[in-house]
Structure formats: structure tokens, C-alpha cells
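Descriptive analysis of the structure
Letter by letter, the chains look like this.
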Amino acid sequence: GKVNMTKRNVATSRFAALLGLDYLVAKSESVEVYDEATNQIIRGNLMEKADGIEAKKFLPEFKKNHSVGTSMFATAKAQKDLVNLQVLDVLCGQMDRHDGNFMIQVEGGDTITGIKGIDNDASFGNNVDVVLMDRNGKERHDRRVYDIENGKMALPYMDKNLAERILVLEPDVIRFALKGLISDREIESAIIRLNMMKKAIATTKNKQPERFLEEDQWNEETAQTMIKQEWKARSLMRGYQDTIFAMQKKIHPEISKIKPENRTEEQRKIWNNTALKIQRELKHNMYSEYASNSNYFGRFMVSSMG
């Protein structure tokens, strides 16, 4: 349980360090403290305090003070940081990155200048496809950096420096860094994800080198491209949900006529299970497409628009 979770934080911290991304996640190390009063050794996880404000606390504030449709501004560094965090999360199999577990640095109330990921407990499972559903049909990490079906890079842009570091990272270095923190099988799953990432980078670099950006190439245009991609993801998702609903209605016309709040427990169960069944059947064509278009940066910016 708990110890394992803190070890996952440490593993994320180490993986980030291997890629020169230490600045991107709150540093975490396992510590042992001797408690004289009880004569016991207490093991725990020491995580540095990340500066900034939680994204989920900031967003309602921003919306309250700005008219609907107003987006915030993002510096080149903030764009790059969010893209890099997405890459790191996919490599680490992070299943739970939401706006409650990354901090943002803000200037002047409307300009995001940097970010930092915190609480990396839900990382390093055995999952090698980021969009696989878990047992309850709850969708997990749903943003991709590469498309698992065609092996291509799904993100519009990537930090050139990070891409280079990924290409030269050796599996043995990962084995050494993560040994004892997570299971051998989880380490091998991380290596499979690394190899898929390498393949996507190499293929894309060959054909579209302009998608790998230097520090000074993140700008208004790259921001707009990522925001557009996120809007596309959202409309795909809406279409996906409409399709599921139409199929549910066909299978259970009688339940569909009852307002959700008036359904019995049994009816609710049947309705939801049907949705899960349909999702599983549709998963790979529709959900993959959504996951390959959603990106952290666009998602955060679109969320700020009200």
C-alpha cells in the first residue's frame, strides 16, 4: 500500500532526473527517520514543497475575473513544460494527471510562466498502452504522445533537447535507477513505453524535423496549434459519447425514456454496463483517436476559457 505509493513518487523523480527534467516534478526521496521516543525507525517519503498554485484552485479564480472565452497567456517555457510533463507522464505510465496535481506559476494574474507536477503516486503500472481501460471501465490516462497503432508521434511538437535525451537513454540505465522501487515487470513495461517513444521520435524526426523545437521556437503559433488540437479532441469525444448514447437507446429504449434521476438502481446499473460494453467494442477506433489529439497544454488553456 502506502510505502509502494511513495516509492512510485521516488521512481518518477528518478526517471525525470535521467531525462534532465528534475525541475518538472517535485523532488522525492525515500527517507528513514529514527524516532527516539518510540525507539523505532520511521520510513517515509520526503517531497519538496512545490511553489506556485494548484491548477484546480487557479482556474475558477481566473474564470471569475475574466469574460468567457478569454484564455490566459503562456510563456514559451510554460508551453514547453506542459508538453514535457506529458511526455514524462507517458513514459512513467502516470495514470492520474489532473489539475489537482500540478502546480502553476503565474505572473500578473493571467500569464502562466511554469509548472511542476506533484503527487506522482499513480505511476508505473504494467500498462503499455496509455488508453487501456481499467477493470471498472473508468478511462485512465487518456493523452498520448505517440499513437500505439501506427507508431507515429501524436503531439504536434516536442522539445528537441528532450527528444535527443530520450533517444540515447539506455534500458539498463532505467533498470539500475528504478531497481527496488517498483517491480521488475513494471520496469520492463516502462522500457516498452520508452522504446515506443523512441520509435515515434525517430520516425517523425526523419520526416518532419520542424516538429522538434528549440527553446526560442515555442510561440503564439505553436500555442494555437496545440489549442486547436485539443478542441478537435473535445469534439471527437462529444461525437463518441453521442454514438454510445444512440446505441444504448437502441438496446434499452424503455430505460432511455426515464430521466436519469428517476431510474432505479437496477436500471442505472443496466444502462451503465451497456455503455461499458459498447465502449469496449468501440475503444480502439474512437477512443484512440481522441487520446491522440488531446494534449496537456491545450487542455489547460481550453479549461481556462470558461
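So, how was this worked out
- Positions within a chain are numbered from 1, following the residues in the order the chain's sequence is written.
- Whole-chain, interface and lining totals are the exception, using all residues; otherwise, since this is a predicted model, local features are given only for residues with pLDDT of at least 70 and side-chain atom pairs are given and counted only at 80 or more.
- Side-chain numbers come from the whole structure's heavy atoms, not from hydrogens or water.
- By definition here, a salt bridge exists when the distance from a side-chain nitrogen of Lys or Arg to a carboxyl oxygen of Asp or Glu is within 4 Å.
- Runs of E in the DSSP output that reach at least two residues are strands. Runs of H or I that reach at least four are helices, and both are numbered from the N terminus.
- Buried, partly exposed and exposed residues are distinguished by accessible area as a fraction of the type maximum, computed with a 1.4 Å probe on protein chains only: under 20%, between the cut-offs, and over 50%, respectively.
- By the convention used here, residues are in contact when the closest approach between their heavy atoms is within 4.5 Å.
- Multiply 1.5 Å by the residue count of a helix minus one, and that product is the helix's expected span.
- One requirement defines pairing of two strands: DSSP has to find at least two bridges between them.
- Helix axes are fitted to C-alpha atoms over the stretch in contact, other axes to C-alpha atoms as well, and angles between N-to-C directions run from 0 to 180 degrees.

The full count for this structure, using the stated rule, is 13 salt bridges. Where K205 meets E164, a salt bridge forms, and the shortest distance between an N and an O atom there is 3.4 Å. Residue K205 is located in helix α6 (residues 184-207), and its partner E164 is located in helix α4 (residues 160-168); the two are separated by 41 residues in the primary sequence. Owing to a relative accessible area of 29%, K205 belongs among the partly exposed residues under this scheme. Of the charged contacts in the structure, one is a salt bridge between R175 and D172, with a shortest N-O distance of 2.7 Å. Residue R175 and its partner D172 are located together in helix α5 (residues 171-178), separated by three residues, close to a single helical turn. Judged by relative accessible area, which is 29%, R175 ranks as partly exposed.

Once that is clear, we can look at the side chain of T274. With respect to the helices, strands and loops of the structure, T274 is situated in helix α9 (residues 265-291). Accessibility expressed as a relative area gives 9% for T274, which makes it buried. Leave out the neighbours within four places in its chain, and T274 touches Q248, I251 and H252.

The next point concerns helix α7 (residues 220-251). Taking 1.5 Å as the rise per residue, α7 with 32 residues should run 46 Å; its terminal C-alpha atoms sit 47 Å apart, in good agreement. Among all positions in α7, only T222, A223, M226, I227, Q229, E230, A233, M237, Y240, I244 and Q248 are buried.

Strand pairing in a sheet relies on backbone hydrogen bonds, with the paired strands running either antiparallel or parallel. Strand order across the open sheet formed by four strands is β3-β5-β6-β4, with mixed pairing between neighbours. Two strands lie at the open edges of the sheet, namely β3 (53-54) and β4 (73-74), each paired on one side alone. Pairing between strand β5 (residues 102-107) and strand β6 (residues 111-117): six bridges, direction antiparallel. The residue of β6 that forms the bridge with E107 is T111. Helix-sheet contacts for helix α3 (residues 76-91) involve β4, β5 and β6, and the interaxial angle to β6 is about 25 degrees.

Interpretation note: all reported values are geometric properties and have no functional meaning in isolation.
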